[in-house]
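Residue-level listing of the chains:
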Amino acid sequence: MSDAETEVRREEKDGHGRYIIALAPGVEAEMSFRRGANGTVIVDHTGVPKAFEGRGIAGRLMAALIADARHEPFAIVPLCSYVAAQFRRHPEWQDLLAAPAA
């Protein structure tokens, strides 16, 4: 699967959104989020169809999220277990984690 075949798109409306990769007609991988307090982005789900697992697709969704967080900027609240695990594996992203509520 080439980079062109795994282009990540972001769609957002009314404070909810998702990062999407179209994998085949009618088949998508996605990372869903909603806007939170103080401009945070709360990521609540990452899904890749079983037939496409192990190809780095979730990683491409994560890379798009991180790039947007650095560019816009915003902090991330990782409710999704995949995103939380990626933050544990990448200490260089710690500055993008939203501070825990007091």
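Residues numbered from 1 in each chain as written. Predicted model: local features only at pLDDT ≥ 70, side-chain atom pairs only at ≥ 80, totals over all residues. Heavy atoms only, no water.

A. Inspection of the environment of tyrosine 82 at higher detail. Summarising the element assignment, tyrosine 82 is placed in helix α2 (residues 81-89). Spatially, the C-alpha atoms of tyrosine 82 and valine 48 are 11 Å apart, while their sequence positions differ by 34 residues. With near-sequence residues (within four places) excluded, tyrosine 82 lies in contact with Thr46, Ala58, Gly59 and Met62. A polar contact is formed between the side chain of tyrosine 82 and the backbone nitrogen of glycine 59, at a distance of 3.2 Å. (Helix = DSSP H or I, 4+ residues; strand = E, 2+ residues; numbered from the N terminus. Contact = heavy atoms within 4.5 Å. Polar contact = N/O pair within 3.5 Å; in protein donor to acceptor, adjacent residues only side chain to side chain.)

B. Just the nonpolar core, in detail. Tyr19, Met31, Val43, Met62, Leu65, Ile76 and Phe87 are the most contacted members of the largest nonpolar core, which totals 25 residues. Where this core is concerned, the elements lending two or more residues are β2 (16-24), β3 (27-35), β4 (41-47), α1 (57-71) and α2. For this core, the element with the most residues is α1, which contributes eight residues. Beyond its immediate stretch of four places on either side in the chain, isoleucine 76 contacts Val41, Val43, Leu65, Ile66, Ala69, Phe87, Leu96, Leu97 and Ala98. (Core = buried A, V, L, I, M, F, W, Y, C linked by side-chain atoms within 4.5 Å. Buried < 20%, exposed > 50% of the residue type's maximum accessible area, 1.4 Å probe, protein only.)

C. Structural context of the pairing of β4. Along β4, five of the seven residues are buried, which leaves the element largely enclosed by surrounding structure. With six bridges connecting them, β3 and β4 associate as antiparallel partners. Residue serine 32 lies in a different strand from β4, and its bridge partner there is histidine 45. Hairpin connection of β3 to β4: five residues between the antiparallel strands, including asparagine 38 at a positive phi of 55 degrees. Pairing between β4 and strand β5 (residues 76-78): three bridges, direction parallel. The residue bridging isoleucine 42 from the neighbouring strand is valine 77, located in β5. Each parallel crossover has a hand, and for β4 linked through α1 to β5 it is right-handed. (Pairing = 2+ DSSP bridges. Right-handed = clockwise from strand over helix to strand, strands pointing away.)

Any functional reading would require information that these geometric values do not contain.
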